[in-house]
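Overview (structure and organization)
Listed here are the chains, written in short residue letters.
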Amino acid sequence: MTTSTRGATKVPAVLVLEDGRSFRGRAYGAVGETFGEAVFSTGMTGYQETLTDPSYHRQVVVMTAPHIGNTGVNDEDPESRKIWVSGYVVRDPARIPSNWRSVRTLDDELRAQGVVGISGVDTRALTRHLRERGAMRVGIFSGDALPDEGTLLAKVRQAPEMKGANLSAEVATEEAYVVPAIGTKKFTVAAIDLGIKGMTPHRMAERGIEVHVLPATATVEDIYAVQPDGVFFSNGPGDPATAEHPVALMQAVLERQTPLFGICFGNQILGRALGFGTFKLKYGHRGINQPVQDRVTGKVEVTAHNHGFAVDAPLDKVSDTPYGRAEVSHVCLNDNVVEGLQLLDRPAFSVQYHPEAAAGPHDAAYLFDRFVSLMEGQRA
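Remember, it's a predicted structure, so these values are computed and weren't measured experimentally.

Side-chain positions along a regular strand alternate between the two faces of the sheet. Bridge count for strand 2 (residues 12-17) against strand 3 (residues 22-29) is five bridges, and the pairing is antiparallel. Looking at the pairing, Val16 lines up with Ser22 of strand 3. The loop that links strand 2 with its antiparallel partner strand 3 comprises four residues; one of these, Gly20, has a positive phi angle of about 100 degrees. Bridge count for strand 3 against strand 9 (residues 116-119) is four bridges, and the pairing is antiparallel. What sits directly across from Arg26, in strand 9, is Ser119.

Here it is as structure tokens:
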């Protein structure tokens, strides 16, 4: 990615998809060129949390909500140390943000972090195109990066695909750190950072858990050196089919029967650890309005998602695995995609969505309580 941080308001820009379709608009954020996988997010709020979610690494995010940037940017809501999206696509950016917490504009933040974007695009037409054709490689070009579109298309088609990409180590912490329990400490959890969001250890800390966040390269010895009551596997980017080390690490935890909880990428890792396959969705689930049913309780939750891959597990039966019986615990009501797994003979479960849900919704916050219950049961 090449960028310039000079003013971008009236600089022409073009978005080129790998199937040859293009959209013209104006530069938004940094000026230059960038590449990634084109995906769309249906959230009407929470754009700052979306931008800083490490799971969006190497993706160009199209916002389906037409007005973006209305509340500006603050220093309290980022989910990680930086913006991770490769590029950003909006229809009508706010000219003047209006919010008492805002300290700068979204346009300024994108420029400061070198994120190339485009505005003035018909995001409805682009989203419909991605729904019909599927997520695909894309490039955004502006300023001096605007030769003829044939040249740009060739560049897009040379960019790496998301399928087969091993990315979690690129976004994870390099050094372990501790998030202390809020109030009385009740439990210790080792959290494997595969692209963790800042709100996740905070949700555990709220429940009296001291969270030791460990790098994606952590070993079994690293996990048990902190004497954990439970182990957590986070969200993260990339193709779970490439995640050999996290899968082996999770299998070691399952062997020891330590209470285990995984979300998003962690759900796919559990699926692979149990012997299920994974596959790439046509255009994925991204946004904060996805309906999921908890098949144990029958309750329907509105949930936050960001995933382009899913677990291939049977919905209609209990499966035998090397670690006992397993079943699909949650399912997406839009397309019957597996949204959760649980073991029936060991204390382990996972969900494909984001129960920490910074920016909302909070229907699934009970899952952290379920994790606490598993640790209480194991201690008893």
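Let us now look at the UniProt feature "domain: Carbamoyl-phosphate synthase small subunit N-terminal" (unreviewed entry) in the chain. In this structure's numbering, the residues bearing the UniProt feature "domain: Carbamoyl-phosphate synthase small subunit N-terminal" (unreviewed entry) are residues 11-141. The span residues 11-141 carries 18% helix and 36% strand; its end-to-end C-alpha distance comes to 10 Å.

The positions that UniProt labels "active site" (unreviewed entry) are, in the present scheme, Cys264, His354 and Glu356. Over a stretch of 93 residues, the named residues converge on one spot in the fold, their C-alpha atoms separated by at most 11.3 Å. The topology assignment puts Cys264 in the loop between strand 15 (260-263) and helix 9 (265-273). A relative accessible area of 2% places Cys264 in the buried class. Here Glu356 falls in the buried class, since its relative accessible area comes to 0%. Dropping the residues within four chain positions of it, Glu356 is found in contact with Lys197, Met199, Thr200, Arg203, Ile263, His362 and Phe368. At 2.9 Å, the side chain of Glu356 and the side chain of Lys197 are in polar contact.

Rules used in this analysis
Residues numbered from 1 in each chain as written. Predicted model: local features only at pLDDT ≥ 70, side-chain atom pairs only at ≥ 80, totals over all residues. Heavy atoms only, no water. Pairing = 2+ DSSP bridges. Helix = DSSP H or I, 4+ residues; strand = E, 2+ residues; numbered from the N terminus. UniProt positions renumbered as here; feature names shortened; annotations may be inferred. Buried < 20%, exposed > 50% of the residue type's maximum accessible area, 1.4 Å probe, protein only. Contact = heavy atoms within 4.5 Å. Polar contact = N/O pair within 3.5 Å; in protein donor to acceptor, adjacent residues only side chain to side chain.

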